[in-house]
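Notes for the structure review
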Amino acid sequence: MRRMYFLVPNVDITRKIVDDLLLARVDERHIHVLARRGTPLEDMPEAGFMQKTDFLPALEQGVAVGGATGAIAGLVALALPVGGLVLGGGAVLAASLAGAGLGAWWSSMIGAGIGNRRHKDYEEAIERGEILVMVDVPKDKVQRIEAMIKEHHPEAECMGCDPTIPAFP
């Protein structure tokens, strides 16, 4: 799946784009609309928690950094026996898992509290009143969807794609 980004000048055009996407058989759960606070989106599919926050990227980074830190700590504990305690390879595995778990927890809590870093480029436009439409489509449909939106709504600006998105949000 690819996440496509479109900046749209107003709510009326956004509503037409969402309708066109639904007619093109894009499932509503794959369409996410993000606007300035107070903008009436009515029945359009508003961006949810996973799209608005940095939760998943922070979680991924926390697992990687925490797991690596735990593995290093386990190896240090293995190389430097403290108080005559002899540790085996299980200590390295346990420390890695504990580090990955703690890193995931801490970083995901931080990520849940901040805005999505992928949206940094669009913040000024959103504050001016433009609307960000995010569409998750299979990579073989990207060109067709982009062409359809450009043809029907030339005022909508295609901002590109993210190469991959998580499968479950």
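Here the structure is a predicted model, which is why all the values come from computation and not from measurement.

**Digging into the packing of aromatic side chains**
Pairs of aromatic rings are described using the distance from one ring centre to the other and the angle between the two planes. Applying the stated criterion across every chain, the model contains three aromatic pairs. On the numbers, 5.7 Å between centres and 55 degrees between planes, the contact of Phe 49 with Phe 55 is tilted. Among the residues examined, Phe 55 registers a relative accessible area of 17% and is labelled buried.

**Some thoughts on the layout of surface pockets**
Its boundaries defined by the atoms lining it, the largest pocket holds a volume of some 480 Å³. Contributing to the lining of the largest pocket are 16 residues, with Leu 34, Ala 35, Arg 37, Lys 52 and Ile 126 lying nearest its centre. Listing elements by their share of the lining of the largest pocket, those giving two or more residues are β2 (31-34) and α5 (123-127). The dominant element in the lining of the largest pocket, judged by the number of residues it contributes, is α5, at three residues. Grouping the constituent residues of the lining of the largest pocket by class yields five nonpolar, five polar and six charged.

**A word on the environment of Glu 155**
Secondary-structure assignment places Glu 155 in the loop between α6 (142-152) and β4 (157-162). In this structure Glu 155 touches Leu 7, Pro 9 and Ile 13, once residues within four positions along its chain are discounted.

**Quick look at the pattern of salt bridges**
The full count for this structure, using the stated rule, is eight salt bridges. Across the pair Arg 3 and Asp 136 runs a salt bridge, and its minimum N-O distance is 2.6 Å. Residue Arg 3 is located in strand β1 (residues 2-8), and its partner Asp 136 is located in strand β3 (residues 131-137); the two are separated by 133 residues in the primary sequence. Its relative accessible area of 7% is what places Arg 3 among the buried residues.

**Describing α6**
For α6, every residue scored as buried is listed here: Val 142, Ile 145, Met 148 and Ile 149. Buried residues of α6 fall within an arc of 140 degrees about the axis and therefore sit on the same side. In this structure, α6 carries Gln 143 and Glu 151 as exposed residues pointing more than 90 degrees from its buried face. On its buried side, α6 packs onto β1, α1 (11-23), β3 and β4.

About the criteria used
Residues numbered from 1 in each chain as written. Predicted model: local features only at pLDDT ≥ 70, side-chain atom pairs only at ≥ 80, totals over all residues. Heavy atoms only, no water. Phe/Tyr/Trp six-rings, centres within 6.5 Å; stacked < 30°, edge-to-face > 60°. Buried < 20%, exposed > 50% of the residue type's maximum accessible area, 1.4 Å probe, protein only. 1 Å grid on protein atoms, 1.4 Å probe; cavity = no way out; pocket = protein on both sides within 12 Å on 5 of 7 lines; lining within 4 Å. Points joined across faces, edges and corners; volume = space filled by probe spheres on them. Helix = DSSP H or I, 4+ residues; strand = E, 2+ residues; numbered from the N terminus. Nonpolar A, V, L, I, M, F, W, Y, C, P; charged D, E, K, R; others polar. Contact = heavy atoms within 4.5 Å. Salt bridge = Lys/Arg side-chain N within 4 Å of Asp/Glu carboxyl O. Arc of directions from axis to C-beta.

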